[in-house]
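Here is how the chains run, residue by residue.
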Amino acid sequence: MPSTDLRPQAVALTPLLGLGVAELEAWAQSQGQPAFRGRQLHDWLYNRGARSLDAISVLPKAWRQRLQELPVLPAGSGTPGPEAEVRWPPAHGSPELPREQRITPGETEPGQALLGRSRVLHRSDARDGTCKLLLGTVDGLSIETVGIPSGERLTVCVSSQVGCPMACRFCATGKGGLQRSLAVHEIVDQVLSVREAMGRRPSHVVFMGMGEPLLNSEVVLAAIDCLCRDLGMAQRQITLSTVGVPRTLPTLAERALDRLGRAQFTLAVSLHAPDQRLREELIPTAHTYPIEDLLEDCRRYVTITGRRVSFEYILLGGLNDQPRHAAALAALLRGFQSHVNLIPYNPIEEEEFQRPSPAAVEAFRRLLGARHVAVSVRTSRGLDADAACGQLRRRIMTEIDRHKFS
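Residues numbered from 1 in each chain as written. Predicted model: local features only at pLDDT ≥ 70, side-chain atom pairs only at ≥ 80, totals over all residues. Heavy atoms only, no water.

**Student:** What's the story with the overall build of the protein chain in this structure? I'm lost.
**Tutor:** Helix and strand counts for the protein chain come out as twelve helices and twelve strands. Looking at the protein chain alone, contacts between residues at least 24 apart form 73% of all its contacts between residues at least 6 apart. As displayed, the protein chain offers around 18400 Å² of accessible surface, 50% of which is attributable to carbon and sulfur atoms. (Helix = DSSP H or I, 4+ residues; strand = E, 2+ residues; numbered from the N terminus. Contact = heavy atoms within 4.5 Å. Areas by Shrake-Rupley, 256 points an atom, 1.4 Å probe, with all protein chains shown as cover.)

**Student:** Please clarify how unusual backbone geometry should be interpreted in this entry.
**Tutor:** One can expect most non-glycine residues to show negative phi and most peptide bonds to be in trans. Positive phi, normally seen in glycine, also occurs at arginine 247, with a value near 65 degrees. Within the element layout of this structure, arginine 247 appears in the loop between strand 8 (238–242) and helix 7 (249–260). Since its relative accessible area comes to 64%, arginine 247 is described here as exposed. Positive phi values are uncommon outside glycine, yet histidine 372 reaches one of about 65 degrees. By the secondary structure assignment, histidine 372 is in the loop between helix 11 (358–370) and strand 12 (375–377). On the basis of relative accessible area, histidine 372 is assigned to the exposed category, the value being 76%. (Buried < 20%, exposed > 50% of the residue type's maximum accessible area, 1.4 Å probe, protein only.)

**Student:** What should I look at first to understand the nonpolar core in this one?
**Tutor:** Membership of the largest hydrophobic core comes to 103 residues, with the highest contact counts inside it found for Phe265 and Phe311. Per element, the largest residue contribution to this core is eight residues, and it comes from helix 6 (residues 217–231). (Core = buried A, V, L, I, M, F, W, Y, C linked by side-chain atoms within 4.5 Å.)

**Student:** Even after reading the chapter, I still don't get the packing of helix 5 (residues 184–198) against helix 6, so can you show me in this structure?
**Tutor:** To describe two helices that pack against each other, one gives the angle between their axes and the distance between the axes. At a closest axis distance of 8 Å, the pairing of helix 5 and helix 6 adopts a crossing angle of 45 degrees. Our classification of the angle between helix 5 and helix 6 gives oblique. Handedness of the helix 5/helix 6 crossing: right-handed. Together, Val184, Ile187, Val188, Val191, Leu192 and Arg195 of helix 5 and Val219, Val220, Ala222, Ala223, Cys226, Leu227 and Leu231 of helix 6 make up the contact between the two elements. Residues belonging to the contact of helix 5 with helix 6 are distributed by class as follows: twelve nonpolar, no polar and one charged. (Axes fitted to C-alpha atoms, helices over the stretch in contact; angles between N-to-C directions. Parallel < 35°, antiparallel > 145°, perpendicular 65-115°, else oblique. Left-handed = near helix turned anticlockwise from the far one by under 90°. Nonpolar A, V, L, I, M, F, W, Y, C, P; charged D, E, K, R; others polar.)

**Student:** What should I look at first to understand empty space enclosed by the protein in this one?
**Tutor:** By rolling a water-sized probe across the atoms, one finds the places where empty space is left. For the coordinates displayed, the defined rule picks out one cavity of 30 Å³ or more. By volume, the largest cavity is sized at about 70 Å³. If you trace the largest cavity, you find it lined by Val191, Leu192, Arg195, Arg201, Pro202, Leu231 and Met233. Here the lining of the largest cavity gets three residues from one element, more than from any other, and that element is helix 5. (1 Å grid on protein atoms, 1.4 Å probe; cavity = no way out; pocket = protein on both sides within 12 Å on 5 of 7 lines; lining within 4 Å. Points joined across faces, edges and corners; volume = space filled by probe spheres on them.)

**Student:** Please clarify how helix 7 should be interpreted in this entry.
**Tutor:** Along an α-helix, a turn takes 3.6 residues, which lines up residues three or four apart on a common side. In this model, helix 7 (twelve residues) spans 16 Å end to end at C-alpha, consistent with the 16 Å of a helix rising 1.5 Å per residue. Looking only at helix 7, the buried set comprises Leu249, Pro250, Leu252, Ala253, Arg255, Ala256 and Leu260. Against helix 6, strand 8, strand 9 (266–270) and helix 9 (291–305) lie the buried residues of helix 7. Positive backbone phi, at 85 degrees, marks glycine 261, one or two positions downstream of helix 7. (Expected span 1.5 Å × (residues − 1).)

**Student:** Before we go on, may I ask you to explain the state of the cysteines in this structure?
**Tutor:** Linking two cysteines covalently via their sulfur atoms produces the bond known as a disulfide. Applying the stated criterion across every chain, the model contains zero disulfides. Between cysteine 164, a cysteine without a disulfide, and cysteine 171, which holds the nearest cysteine sulfur, the sulfur-to-sulfur distance is 6.3 Å. Between cysteine 228, a cysteine without a disulfide, and cysteine 226, which holds the nearest cysteine sulfur, the sulfur-to-sulfur distance is 9.2 Å. (Disulfide = S-S within 2.5 Å.)

**Student:** Would you explain the environment of arginine 324 in this entry?
**Tutor:** Mapping arginine 324 onto the fold places it in helix 10 (residues 323–332). Once the C-alpha coordinates of arginine 324 and phenylalanine 364 are considered, the two residues, 40 residues apart in sequence, prove to be 9.4 Å apart.

**Student:** Explain the packing of helix 10 against helix 11 to me, please; I cannot follow it from the model alone.
**Tutor:** The interhelical angle for the contact between helix 10 and helix 11, taken along N-to-C directions, is 30 degrees, at an axis separation of 9 Å. One way to sum up the angle between helix 10 and helix 11 is to call them roughly parallel. Classified by chirality, the crossing of helix 11 by helix 10 is right-handed. Along its contact with helix 10, which presents Pro323, His325, Ala326, Leu329 and Ala330, the element helix 11 presents Phe364, Leu367 and Leu368. Here the residues of the contact of helix 10 with helix 11 sort into seven nonpolar, one polar and no charged.

Below is the structure:
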């Protein structure tokens, strides 16, 4: 017998964080509210950092209560994007984490899921002022983000995925595998959470946290668009770091021009070795992406965007930090419109790699400079607060598991 219930069924909504003024105005009107309610939502989301609907006191109480009852689509439940077609890594990727390693979703503020805010699970502060946050998603997963102060500058290091499939040996995140890619609101929320935790406006954002951004490039570009449009950042204040995924760099350039109008963010490509053999030793997934092909894709990116590429090079004591490695790297990049950022290794428990000596770092830098390679050394921050990406998450998850079975 057919149902006689003629009440309209609630349609699951996507979170509001990530939407611009015009989109929020249209959304408010679709809910039977005047357009200016959308402008109020925009102000409270991006300028005031509201975490609950109750906090947005300018909205009618009856509407806030109705909004709290609306179902919200979980992140990752939509139609897969173009990245779903990229079978990467094809053979040596790390497995997905078992569901048992999820955290237990805790109490949230009314309407927190609709707004698109995560909850802070843990905060770790280093003596140098670096602040690392472990954030919990609405589906019980966890991600890391870091606030790195330096004078008047505050850089937020954001994650683009929950975990990472790239399995880089020197990275704690790669030891845990991949669970899913993040949605736009989950990326933007990291910047808002650091702003709230540190009480100051972020000046720069780097996609150097958990995950491989090029396996989530459509969402990453949408997040960059939101950061510039709604938080007032400039593209030149944003860096996107990748270890390299075949056939994606030229596509990234074209998508950036289409989505953002121009591609002025910095592209940072993680090399970490001057030759294919050593690179595969450090990054097992690199076996399907020869370093010559990676550099050719970088050249195509430069041609399309007109922007130089920055190369990241983690210095591992005694392994890739010798004078012969510097000479080989300089030869590899000869004639390339690029910049090299040297990164002294932050130790993790699972590997026995050594941090290079200050003398070795300086010698490597001088050798590159003498061969006319633009080079800088990244200052290590937060060494007393789970500095390496993924360490805080793994430590907290270990403590949670120990508590469960104790």
